[in-house]
Amino acid sequence: MSFYDPLGLFVFFTSKIKLIYHWVCKDKSEWDEQLSTNQMKHWSKVLKWLPEILKLEIPRSYMNKVCINPNDTLIYQLIIMGDAGKESLCTVAYIRIKNMTTSQVGTQFIASKNFIVPIRQKRTIPELELDIACKSVKFKEKLIKAHSIKFDTIVFITDSSC
């Protein structure tokens, strides 16, 4: 299943839809079969989010939180966080800009990506954490190619204790 959301702005929403679809496939439900009570509960929650999603506003300028003059010295940091659960993986990227002249700091969401763990794959959380770490590195490469900004530092964050 695929959704056109190139920046991953709606990952929190689309991942829930993908998980519901995943659960229906896992249960080997027929196409005209009614959703289970649990699946229906999740689907109802997703439908309640729709009006809120339509109100969502995300500023696209990275510089809006840091006042910039042409002579200011700026430090650009790319921050990528990855996390894995038993059913899905997610990586999200932010830019942190520090104005060394004024000491102002701003952060801004760049993009995110999620992945649903295939039904037939039986993998441990440590394996999934390693998988999202690798996917986060590939995600970083795409982000660097897509930006004209030269990042001074790149930080990867994971909550894995494995």
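Structural notes, computed from the coordinates. Just so we're clear, the structure is a prediction, and the values are computed from it rather than from any experiment.

1. Some points on the side chain of Ser-112
Take Ser-112: it is sitting in strand 3 (residues 105-116). Residue Ser-112 is classed as buried on the basis of its relative accessible area of 8%. Not counting residues within four places of it along the chain, the set of residues in contact with Ser-112 comprises Leu-7, Gly-8, Val-11, Thr-91, Val-92 and Phe-139.

2. Describing the packing of helix 1 (residues 11-26) against helix 2 (residues 37-55)
The N-to-C vectors of helix 1 and helix 2 enclose an angle of 160 degrees; their axes lie 10 Å apart at closest approach. On the basis of their axis angle, the class for helix 1 and helix 2 is roughly antiparallel. Of the two possible hands of crossing, helix 1 and helix 2 adopt the one that is left-handed. Where helix 1 approaches helix 2, its residues Phe-12, Phe-13, Lys-16, Ile-17, Ile-20, Trp-23 and Val-24 are matched on the opposing element by Gln-39, His-42, Trp-43, Val-46, Trp-49, Leu-50 and Ile-53. Here the contact of helix 1 with helix 2 is built from residues that sort into eleven nonpolar, two polar and one charged.

3. A word on the packing of aromatic side chains
Following the criterion strictly, the structure yields one aromatic pair and no others. Between Tyr-94 and Phe-109 the ring centres are 6.0 Å apart and the planes differ by 80 degrees, which places this aromatic pair in the edge-to-face class. On the criterion of sequence distance, the pair formed by Tyr-94 in strand 2 (residues 88-99) and Phe-109 in strand 3 is long-range, its members being 15 residues apart. Judged by relative accessible area, which is 15%, Phe-109 ranks as buried.

What counts, and where the lines are drawn
- Residues numbered from 1 in each chain as written.
- Predicted model: local features only at pLDDT ≥ 70, side-chain atom pairs only at ≥ 80, totals over all residues.
- Heavy atoms only, no water.
- Helix = DSSP H or I, 4+ residues; strand = E, 2+ residues; numbered from the N terminus.
- Buried < 20%, exposed > 50% of the residue type's maximum accessible area, 1.4 Å probe, protein only.
- Contact = heavy atoms within 4.5 Å.
- Axes fitted to C-alpha atoms, helices over the stretch in contact; angles between N-to-C directions.
- Parallel < 35°, antiparallel > 145°, perpendicular 65-115°, else oblique.
- Left-handed = near helix turned anticlockwise from the far one by under 90°.
- Nonpolar A, V, L, I, M, F, W, Y, C, P; charged D, E, K, R; others polar.
- Phe/Tyr/Trp six-rings, centres within 6.5 Å; stacked < 30°, edge-to-face > 60°.

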